[in-house]
Amino acid sequence: MALISLAQGLAHAQQNGYALGAFNVLDTHFLRALYQAAERQRSPFIISIAEVHFKYVSLEHLVAAVRTEAALHAIPVVLHLDHGLHFEAVMQAIRLGFTSVMFDGSTLSYEENVRQTREVVKMCHALGVSVEAELGAVGGDEGGALFGEADSDKFTDPAQAADFVHSTGIDCLAVAIGNAHGKYKGEPKLDFDRLAAIRSTAGIPLVLHGGSGISDADFRRAVSLGINKINFYTGMSQAALGAIEAQIVQRDARYDAFAELLMAVERDIANVVAQQMQVFGSAGRA
């Protein structure tokens, strides 16, 4: 089916009390794994391509593959730019047909984050493209560091969230409540009281970044408190690496050993994603 906008997907998620999983792809093996999981679970989902990963992919070819795969399945899917840090990346995504973008101005001053996000929203909404933004700063390094931890000084301010949403017109808000990119140092401790307050003041769907490593119980509680989009990538990457390590240990001299390795990567990514779709509550919602 045709790709849908993030706003469309989030509206259904809000109405039905679940979260859309946003899963990053680097190539067609990741892409096929996502669709295997989605077909197994009958789950809508979000295909994310991060600006920091542009250097690893042929973006035009990958987007063409996304569109081809989407046409083969009756699954609602969003094509989303993850952590767009520059206007150039946002423009490139729009030109290629992304149906949603995240403009990440979290490193800017509050005033500059508002100003730049507002401009992105104005441009994207005119073209039917949804916009996610971030207020506060999610812990860790989205650019590749393995371990991350949250900084409570950079948690999202519920009162400020209301002004930010009103001033920018965004479709959803990424929050910092103890979540972090990459693998967590120790056990994640999410500030659920803060999340409930943000939901009350912001009044729009909320996004949880740094999903890999959060417990199933905490995911479900977060969804019940207004999280309707969950970013999940490190767990997929770790599953892929585990599959590669296992195949190398078991490898023999067959000419198709590398092809079998790639199939193992797809299988293990699909299994991890299918499990998360169940936890997020999106299974059976397609």
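Residues numbered from 1 in each chain as written. Predicted model: local features only at pLDDT ≥ 70, side-chain atom pairs only at ≥ 80, totals over all residues. Heavy atoms only, no water.

Participant: I'm lost on the packing of helix α6 (residues 158–168) against helix α7 (residues 192–202) in this one. Help?
Facilitator: The angle between the axes and the distance between the axes are what describe a pair of packed helices. α7 packs onto α6 with a crossing angle of 30 degrees between their chain directions and a minimal axis gap of 8 Å. Regarding the angle of α6 to α7, the classification is roughly parallel. The crossing of α6 and α7 is right-handed. On α7, the residues that touch P158, A161, A162 and V165 of α6 are R194, A197, I198, T201 and A202. Here the contact of α6 with α7 is composed, by residue class, of seven nonpolar, one polar and one charged. (Axes fitted to C-alpha atoms, helices over the stretch in contact; angles between N-to-C directions. Helix = DSSP H or I, 4+ residues; strand = E, 2+ residues; numbered from the N terminus. Parallel < 35°, antiparallel > 145°, perpendicular 65-115°, else oblique. Left-handed = near helix turned anticlockwise from the far one by under 90°. Contact = heavy atoms within 4.5 Å. Nonpolar A, V, L, I, M, F, W, Y, C, P; charged D, E, K, R; others polar.)

Participant: Quick question: what am I supposed to make of the side chain of K229 here?
Facilitator: Considering the arrangement of structural elements, one finds K229 in strand β10 (residues 227–232). Once residues within four sequence positions are removed from consideration, K229 is found in contact with L6, L10, A19, L20, A22, I46, H80, E132, L206, V207, L208 and H209.

Participant: Is there a simple way to explain the pairing of β10 in this structure?
Facilitator: Remark: a regular strand shows side chains that alternate across the two faces of the sheet. Burial runs high along β10: six of the six residues are buried. Bridging between strand β1 (residues 20–24) and β10 involves four bridges; their strand directions are parallel. Within β10, the residue paired with A22 across the bridge is N231. As paired elements, strand β9 (residues 206–208) and β10 share three bridges and run parallel to each other. The residue of β10 that forms the bridge with L206 is I227. (Buried < 20%, exposed > 50% of the residue type's maximum accessible area, 1.4 Å probe, protein only. Pairing = 2+ DSSP bridges.)

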